[in-house]
Amino acid sequence: MESSSSTVLFLPSPVELQGQRDHCGVSLVDSSFWQKQTNLPVEFTWSKGDLVSSHGELMEPVVDLEGFFRGDEVATQRAARIIKDACMSHGFFQVINHGIDASLISAAHDQIDNFFKLPTSRKLKAQRMPGNMWGYSGAHADRFCSKLPWKETLSFGFDDCSLNPMVVNFFNSNIGKDFEQTGIIYQKYCEAMKCLSLGITELLAISLGINDRLHYREFFEEGCSIMRCNNYPTCQASDLALGTGPHCDPTSLTILHQDQVGGLEVFANNRWQSVRPRDDALVINIGDTFTALSNGKYMSCLHRAVVNRFTERRSLAFFLCPREDKVVRPPQDLICRQGTRIYPDFTWSDLLEFTQKHYRSDYATLENFTKWLLTSKPTAKF
């Protein structure tokens, strides 16, 4: 990772926070200051190759889950076919009639608005520390020194096997008792997302022709998933910056709700295409871990988030993950049909270590992880 000259990033009063800098020497200042700047700091500037404009809208399929949830086998098979076509093409689709109450989604957006509107000095009380996945991050400057994303995030874990309400505890402990209601709403939101994600894994198994349609559902029933709330401030130099750079998610399955501003783009058919926001829909995409679980049949897709000169954007992303010690291995009947293994056995903790400590996620994460795994862990096998 290259070093950078000292520059300025997200926070209120330089006097109040004098001397606070991240590991790259980036001083912390209020985001509203940079929203007015036309000269973007070099740390936030992306290469021309990353900034190629999008062309048109991705015609990703919309999957109606109503029939699946009521046990209609004809509707279930229809949904599975649509999902298969999407996953064989680009790995993105949207779902409607997904069973998540619209009022819960709205409340989740409202509550996180309250957090992102806090003075940054208060947000920093929940600052993500190096080596820790949970907490507040401004531009991920705790991890990277160049090509910084123009965003701030709040990330926390969700484990529905925990005896204690993990999400509520996170908000109480890291932000304060006045955010207990936010924790309660996000606890419910994550519970709903986990339930939905397990249903989608069942449809994925059906679409792949797996003999046991519950194979993936059972694989993911335990595990600590990731919830991330994103805020993309306005950016006067939006032609030079990105909210999130091009990458494939290293996790298994992503469920995203984006507000009506838009900004999500997918690289499909050799060009960037936008994903239109829908209030009634959730965006689903395949991640690298599920690519391995499908023996490479369903590939994770390159995507990014662009920023807006005039309007802030918010999004809520739930990342389904297996238990960290679970061995990621495709179902045997899928391997037999394809004839060969594409990726070696690994655990989610292996891939997590790679992406947190050794590699910045991009289009080739899984390929480079495989090389690293076979080199650094001689016991890894196909």
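What counts as what
Residues numbered from 1 in each chain as written. Predicted model: local features only at pLDDT ≥ 70, side-chain atom pairs only at ≥ 80, totals over all residues. Heavy atoms only, no water. pLDDT = per-residue confidence, 0-100. Contact = heavy atoms within 4.5 Å. Salt bridge = Lys/Arg side-chain N within 4 Å of Asp/Glu carboxyl O. Buried < 20%, exposed > 50% of the residue type's maximum accessible area, 1.4 Å probe, protein only. Helix = DSSP H or I, 4+ residues; strand = E, 2+ residues; numbered from the N terminus. Pairing = 2+ DSSP bridges. Axes fitted to C-alpha atoms, helices over the stretch in contact; angles between N-to-C directions. Core = buried A, V, L, I, M, F, W, Y, C linked by side-chain atoms within 4.5 Å.

1. Looking at the confidence of the model for the protein
Reading predicted coordinates in detail is not appropriate for stretches of low pLDDT. Per-residue pLDDT for the protein averages 87, and the proportion of residues at 70 or more is 87%. Across residues 1-23, where pLDDT falls below 50, the model places 70 contacts with residues more than four positions away in sequence or in other chains. Within the model, the stretch residues 25-29 combines pLDDT values under 50 with 24 contacts to residues more than four positions away or in other chains.

2. Some words on the pattern of salt bridges
Per the counting criterion, the structure on display carries 21 salt bridges. Note that Asp-280 and Arg-278 form a salt bridge whose closest N and O atoms lie 2.9 Å from each other. Among the salt bridges present, the one from Asp-325 reaches Arg-323, with a minimum N-O distance of 2.5 Å. Taking relative accessible area as the criterion, Arg-323 reaches 33% and is therefore assigned partly exposed.

3. Thoughts on the environment of Asp-350
Tracing the backbone shows Asp-350 in helix H11 (residues 348-358). Accessibility expressed as a relative area gives 12% for Asp-350, which makes it buried. C-alpha separation for the pair Asp-350 and Asp-325, spaced 25 residues apart in sequence, amounts to 8.7 Å. Residues in contact with Asp-350, not counting those within four places in the same chain, are Phe-369, Trp-372, Leu-373 and Lys-377.

4. Focus on the sheet that holds strand E6 (residues 152-158)
Strand order in this open sheet of eight strands is E3-E4-E12-E9-E14-E7-E6-E5, and the pairing throughout is mixed. Two strands close off the open sheet at either side, each with one partner strand: strand E3 (62-64) and strand E5 (135-138). Here the average twist between neighbouring strands, direction ignored, is 25°. Judged from the seven bridges that link them, strand E7 (residues 225-232) and strand E14 (residues 313-320) form a sheet pairing that is antiparallel. Within E14, the residue paired with Ile-226 across the bridge is Phe-319.

5. As for the side chain of Asp-50
You can see Asp-50 is positioned in the loop between helix H1 (31-35) and E3. What makes Asp-50 buried here is its relative accessible area of 15%. When sequence neighbours within four positions are dropped, the list of residues in contact with Asp-50 reads Lys-147, Leu-242, Pro-246 and Arg-304.

6. Some points on the nonpolar core
Counting residues in hydrophobic clusters, the biggest one holds 87 residues, and the most contacted among them are Phe-156 and Tyr-186. Residues in contact with Phe-156, not counting those within four places in the same chain, are Trp-134, Val-167, Phe-170, Phe-171, Tyr-186, Cys-190, Ser-225, Ile-226, Met-227 and Cys-229. By size, the runner-up hydrophobic cluster in this structure holds nine residues, among which are Phe-44, Ala-139, Ala-241 and Val-307.

7. With respect to the pairing of strand E4 (residues 92-96)
Counted residue by residue, E4 has five buried out of five residues, so it is predominantly covered. Of the two faces of E4, the one lined by Phe-92, Gln-94 and Ile-96 and the one lined by Phe-93 and Val-95 are each fully buried. Pairing of E3 with E4, which is carried by three bridges, proceeds in the parallel orientation. Pairing of Val-63 across the sheet is with Val-95, part of E4.

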